[in-house]
Structures are given as structure tokens and as C-alpha cells.
Amino acid sequence: MKAALKAELRKLLTVRSTYILTGIAVLIMAFVSFWIMGYKYSGHIDSNFLNYNALQAMPVISLFAVIVAILLMGHEYRHNTIFYTLTASNSRSKVLASKILAVLGYVLVLTIAATAINLLLMNYGHNLAGHPLPHQDLNLADVITKGLFYVVGFALAGLLFATLIRNLIFAIVFMLIVPNTVESLLTLLLKHKAVYLPFSALSQVIGTQGSNNGPLDMGHLSPGRGAAVFGAYLVVGWLITWILFLRRDAN
Amino acid sequence: MIEAKHLGKTYKSLRDKKTAVDDISFNVELGKVTGFVGPNGAGKSTTMRLMLGLDIGEGKTNFDGKLLHQYSRPSKIVGALLEVKAFHPTRSARNHLKVLAAEGNIPDSRVAEVLDIVGLADVAKKGPGKFSLGMSQRLGIAAALLGSPKYLILDEPANGLDPEGIVWLREFIRDYAKKGNGVFISSHLLNEMAQMADNVVVIGKGRLVTTAPIKELLSKNADTTVFVRAENLAKLEKELDGAGLSFTKEKDGLSVVTSKTDAIGKLAAKAGSTVFELTKRSASLEEAILGLTEEAQEYKAKDLEQ
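Here, residues in each chain are numbered from 1, in the same order as that chain's written sequence. Whichever chain is written first is A, and whichever ligand is written first is 1; the rest continue in order. Predicted model: local features are reported for residues with pLDDT of at least 70 only, side-chain atom pairs are reported and counted for 80 or more only, and whole-chain, interface and lining totals are derived from all residues. Only hydrogens and water are set aside; all other atoms, that is, all heavy atoms of the structure, feed into the side-chain values.

J.: Is there a simple way to think about the interface of chain B and chain A in this case?
T.: Often, the extent of an interface is quoted as the loss of accessible area on bringing the components together. Taken together, the contact between chain B and chain A spans 36 residues of the former and 28 residues of the latter. Two parts placed together each lose some accessible area under a 1.4 Å probe, and adding up what both lose gives the buried area. It is Leu54, Arg91 and Glu103 of chain B in chain B that bury the most area against chain A; as a group they hold 24% of the surface buried on that side. When a carboxyl oxygen of Asp or Glu is within 4 Å of a side-chain nitrogen of Lys or Arg, the pair counts as a salt bridge. Across the contact surface, chain B and chain A share three salt bridges. Whenever a nitrogen or oxygen atom comes within 3.5 Å of another N or O atom, the pair is scored as a polar contact, on the condition that within protein one atom can donate a hydrogen and the other can accept it, and that pairs from neighbouring residues in sequence are kept only if both atoms are in side chains. On inspection of chain B and its partner chain A, the count reaches 14 residue pairs in polar contact (both at pLDDT 80 or more). Starting at the N terminus, helices and strands are each numbered in turn, a helix being any DSSP run of H or I of at least four residues and a strand any DSSP run of E of at least two. Looking at the side of chain B that touches chain A, the elements that each hand over two or more residues are β1 (2-12), α2 (74-77), β6 (78-81), α3 (93-103) and α5 (133-145) of chain B. Considering every element that reaches the side of chain B that touches chain A, the biggest residue donor is α3 of chain B, with seven residues. By definition, residues are in contact when any of their heavy atoms lie within 4.5 Å.

As C-alpha cells, then:
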């Protein structure tokens, strides 16, 4: 297991795409937090400003994290390296578990680093503009817990689809379209029950979407219930994926 | 010894099912090179994937009495080359092998050694995406050698290699087997196979055609002939008939099924026929395999009509 995990981390760290995607994520985060939410910000500011905006940044981080997760599995099938990976290991479960752990490790580092940059640059931007933030009730544990759950959930969903579909491009397109476009369209049909759709439930964890009484009123769940609903989808999805990974031909 | 027992694979779709490998059993002995031959689409690659547990099918393959996944470090038991371009194009050759070394719990120092063995040390830092087919094959062979495995399973390793590379591969594989290891190798280059392999496994349309030592296969399935170019071929033909020798007419001579040139010379003298050429033609593996798999060819090309 240790060998498989070491190999997965090497796979992550020896391709350019990991650095490019991480770099873009950090740059966007830095620009938005310093310039838009910091230096140029002119909206209402209360004591919850940093908490709220730190969580609002999670969908941006998750977008890049999910692509890195998909690439970790998708490259195996795209470049046929899966046959090396599976013949070197004596257990397919070890291979899958080590991929999940590698993604968790990457997401942990990316989310914490991006959140730190986000918080620091928002603060710095306001200071530089000459209107320092008022006293903030920053709950770092809450931000990190909810943020990590959101990004980890998104990344693991991406890894799941890449493992299930075994087509890199299709998995990326799927993860870019389904959470926003498809679930938004389904909201028109399901109304407030749409909050029980997987990614709508996940968004409740960081409170980025909720009841707004408009045409896309998807209802509302507490962060805990949102996490439970999404978690249930993820567990069932991974059970099916895991069984198929053990039983399918490696191609 | 590798013992492949009753390997089978059927692909099912909504419309039909196709048997790619049908109850194939054979052994790969230590200290020997076992060739694996058959026409395109015969099921060679699928058989190799079944042996390694990559495809899920029927039967089992024991490596020294145990299934591959029963070993804690499978890379020490078997090294495989199944796909030529099985690498990330921008991950350097060295990093590609380092990833594989980590997977097999093999020290990183081995990476430099195998790169040196296959002659890719100078391009170790380059991404293999721009490697030629031959260089890609060498990288694949390096990957197979990483764990210094007891067995090598190589699918068409000579494809894309230049003549020098083919000679290197032949000598390398023979040496590897001589050291007490087992090599199972498929190739379309049958003349190369004849020089390399001790035993041969022949399959066609997913079924085992034969498995035998290569010398036995040649003696049983292909004829050694003597080509004779001479005057008065009609008289010579009568003498050959009289001696009970079968022959076929060629453009400017006769091809007689025998290995004895002296006998043909004497018959020609008896017929009063002046001999211009008398050449012994040894049976080739190509002839033997073509003869054995003639009925088992899935994809046959048509002759171009003049």
C-alpha cells in the first residue's frame, strides 16, 4: 500500500498539468481575493465577511482539484499505463485506495494553501486601499472543515467518474456540466426537492446556493444534512465503482 | 515455470458474443525462450493480458505454482511489455520509470541501470512523447526489466526496432533466458523468432494450434527441399517419379522434397540432364507456421490480379 501511494504521489508530481492547474487556481484565487474582494471592494462588510468569502472561493478551488483528480486516473487509461499499475500491484483495491489517498493529500494541501492566500490577500487588499476590515469573527475551523469537505467531495466525485467512465475528456466534461447546468435544469422540474441532488446538496455545505424564491428555488438544507446527502451519493457511487474496478478488464 | 491453464475470454455485446481465446493451455519453461505466434487477431495479446490478470476471463496462470497476485512483489516475478507507447508523453523517461519503480517497491537506483541497458541513458530527461517507435520499445523493455523479474512477457518487442536493435534484442533475450529466467515473447518476425526461441506456442482464431520445441515443429511441419535447375527437365521428372520423390515445378527448375542433394545429382546424371544449379532449401519457421495456421487466419488479404 505504501509503495502504491508513493507511486501515485509521484504520478501527481511528475506531470506538468498538476503544476499548471495548481498555479492557475492560486493565481485566480490571489487576483479575486486581493483585487475584487479586497482593494476594489465597495459592498457591505460585516464581521462575517472573511468567513463568507473564504467559503465562496471553494467552488473555484474545487474546479481545478477535480481536474487534477480526473487526470490522475484518466491518464492511466489514455496512455495505457494502467497495465503497469495493475501488474506491479498484487491488489486492485490497493491501487484504487492509494489513488484516493493521493487525491486527498493533494486537495488538503491545495485547499489549506488557497484559503490562507485568500484570507491574507483579502485583508491586505482592504488595508492597501485604506479601508481596513472591521473586526472579523473568523471561524477558521469551520471554514477549513466545510471547505475541505466541499473540495474533497468534488474531487472524489471526479475521480469516481474517471474510474467509472475511463475516458478523460468525457469525465472532465461531465464534471463541468452536470453540477451546474444539468442540476440547474433539473431544479426547474424538481423545485425545492432539487436540493437533494448530489451537487446541489454539496453546495449547501458551504452555503453558496439556497432558497431564493426565484425560478431556480432548490430549497435549503443545513450544512450537516447537505454533507450527509452528498456523502450518501458518494458512498453508493464508490461502492459500484470499486466493484466494477475489480471486475472489469483493464483497458 | 509459468503454467497457463485453460485460458479463455469471450467478449459479449447486446448483439453477439465473440470468443477471443478458447481454452488455451501451455507452459513457459525457465532457462528457455518461448515464442508465441499466430496470425493477426489470433488472440495473442488477449492471452498475455489474461496471464497477467489484466483481462478477466476463464482459466488461471501460475507463476512457479502461485497466482501472480499471491506474490507480495509481482514486479520481481514478471516484467511485461504489452503496449509500445504506454507512458505519459511529457513525463520524462526517468520519471516514468521512477513511478514504475515506486509501484514495484524497487530502488530508484535501478532506473539508471535499466536505462543504460536499453541505451536510453542520454535521453532519460526527455519526455517520451517524441520518441521514435524503436525508442519507445526500448523504454518499454526497460520498464519490464525494472524488477529484475524471473519471467519476461513481451508482446511484439521487436516492432519498430532498427536492425541493430533487433540483433541487440535477440542477444539480450537469449542471454536473459540463459541466466535461468523464462521469456515468453510474441512476434510477427518469424525468422527472428526461429533464431531466438527454443519452444513455440502457435495459436489461431483463439485456439491452441500446437506447442512444441521449435526444431520439432520445423521437422514435422515444413519440408526441406532441393531446388534443381537443369536441362531436360521432363526426363529428370520421370527419374524423380521413379525414385518416389515428390516435386513441384518452378519457373526454371524443380523443387524436390528431400534434403539429399547427392541423390538428386545422381538422378540427373541418370536422366542425362546437365545440372546448372542444385540448392538445398531449409524449412523455415514461416512456412511451418503458415502451414499450421492457414485455416485459422481471420483476416486474409486478396492477391492483386495482374
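J.: Help me understand the pairing of strand β7 (residues 151-155) of chain B, please; the structure alone is not making it clear to me.
T.: Each regular strand displays side chains that alternate between the two surfaces of the sheet. Residue and element names in this part refer to chain B. For every residue, the accessible area (1.4 Å probe, protein chains only) is compared with the maximum for its type, and the residue is labelled buried under 20%, exposed over 50%, or partly exposed between those bounds. By the criterion of burial, β7 is predominantly enclosed, with five of the five residues buried. Residues Tyr151, Ile153 and Asp155 of β7 are buried on one face, and the alternating residues Leu152 and Leu154, pointing to the opposite face, are buried as well. Taken together, the four bridges between β6 and β7 define a ladder with parallel strand orientation. Within β7, the position partnered with valine 78 by the bridge is tyrosine 151. Pairing between strands is defined by DSSP: at least two bridges between them are needed. With five bridges joining them, β7 and strand β8 (residues 182-186) adopt parallel strand pairing. In the sheet register, aspartate 155 faces β8, and the bridge partner there is serine 186.

J.: In this structure, what is going on with the side chain of arginine 91 of chain B? I would like to understand it.
T.: Position of arginine 91 of chain B relative to the elements: it lies in the loop between β6 and α3. Here the positive residues are Lys and Arg and the negative ones are Asp and Glu; neither His nor the chain ends is included. No salt bridge forms around the buried arginine 91 of chain B; measuring N to O, its nearest opposite-charge neighbour glutamate 76 of chain A is 7.1 Å away. Among the polar contacts made by the side chain of arginine 91 of chain B, one reaches the main-chain carbonyl oxygen of lysine 11 of chain A at a distance of 3.0 Å. Side-chain polar atoms of arginine 91 of chain B contact the side chain of threonine 14 of chain A, separated by 2.8 Å. Filtering out sequence-adjacent residues up to four positions away, arginine 91 of chain B remains in contact with Lys11, Thr14 and Val15 of chain A together with His96, Val99, Gly127 and Pro128 of chain B.

J.: I tried to follow the pattern of salt bridges on my own but got confused; where do I start?
T.: Once their charged atoms are close, side chains differing in charge can pair, the charge on each being opposite to the other. Following the criterion strictly, the structure yields 17 salt bridges over all chains and no others. Residues aspartate 108 of chain B and arginine 10 of chain A are paired through a salt bridge, measuring 2.6 Å at the closest nitrogen-oxygen approach. Pair noted here: aspartate 108 of chain B is in the loop between α3 and α4 (109-118) and arginine 10 of chain A is in helix α1 (residues 2-13), and the two residues belong to different chains. You can call arginine 10 of chain A buried: its relative accessible area is 18%. Taking the shortest distance from any N to any O, the salt bridge between glutamate 103 of chain B and lysine 11 of chain A comes out at 2.6 Å. Taken together, the residues span two chains, with glutamate 103 of chain B in helix α3 and lysine 11 of chain A in helix α1. Both residues of the pair, glutamate 103 of chain B and lysine 11 of chain A, count as buried.

J.: Looking at this model, I keep getting lost on the sheet that holds strand β12 (residues 247-250) of chain B. Mind explaining?
T.: Strand pairs in the sheet, formed through backbone hydrogen bonds, run parallel or antiparallel to each other. All names here are of chain B. The antiparallel open sheet is built from four strands, whose spatial order is β12-β13-β11-β14. The outermost strands of the open sheet, each flanked by one partner alone, are β12 and β14 (275-281). Going across the sheet, the axis of each strand differs from the next one's by a mean of 20 degrees, ignoring polarity. For β12 and strand β13 (residues 253-257), the ladder comprises four bridges, and the chain directions are antiparallel. Bridge pairing links glutamate 250 to glycine 253 in β13. Helix axes are fitted only over the stretch in contact, all axes being lines through C-alpha atoms; the angle between N-to-C directions runs from 0 to 180 degrees. Set on the sheet, helix α9 (residues 233-242) makes contact with β11 (225-230), β12 and β13; between it and β13 the angle comes to about 10 degrees. Packed onto the sheet, helix α10 (residues 261-270) meets β11, β13 and β14 and runs at close to 155 degrees relative to β14.

J.: Any chance you could explain the nonpolar core here in plain terms?
T.: Inside soluble globular proteins, nonpolar side chains tend to come together where they are buried. Throughout, nonpolar core names a set of buried Ala, Val, Leu, Ile, Met, Phe, Trp, Tyr and Cys residues whose side chains join them through atoms within 4.5 Å. Of all hydrophobic cores here, the largest spans 144 residues; its most connected members are Phe63, Leu97, Ile153, Ile173, Val183 and Phe184 of chain B. A total of 13 residues in this core trace back to one element, the largest contributor, which is helix α4 (residues 58-78) of chain A. Look past the residues within four positions of phenylalanine 184 of chain B in its chain and what remains in contact with it is Phe26, Val28, Thr34, Gly35, Phe36, Met48, Met51, Leu152, Ile153, Leu154 and Val201 of chain B. Counting residues in hydrophobic clusters, the runner-up holds ten residues, among them Ala230, Leu236, Val256 and Leu267 of chain B.

J.: Honestly, the sheet that holds β8 of chain B in this entry has me stumped. Any pointers?
T.: Residues and elements named next belong to chain B. Strand order across the open sheet formed by six strands is β6-β7-β8-β3-β9-β10, with mixed pairing between neighbours. Across the chains shown, the open sheet's two edge strands, defined by having one partner strand only, are β6 and β10 (207-213). Geometrically, the sheet is characterised by an average inter-axis angle of 15 degrees between neighbouring strands, direction not taken into account. Two strands pair when backbone bridges link them, and strand β3 (residues 33-37) and β8 are joined in this way by four bridges, in the parallel orientation. In the strand pairing of β8, valine 33 is matched with valine 183. Sheet strands touched by helix α6 (residues 163-178): β3, β7 and β8. Its angle to β8, the strand with the most contacts, is close to 150 degrees. Sitting on the sheet, helix α11 (residues 285-293) is in contact with β3, β9 (199-204) and β10, with an inclination near 35 degrees to β9.

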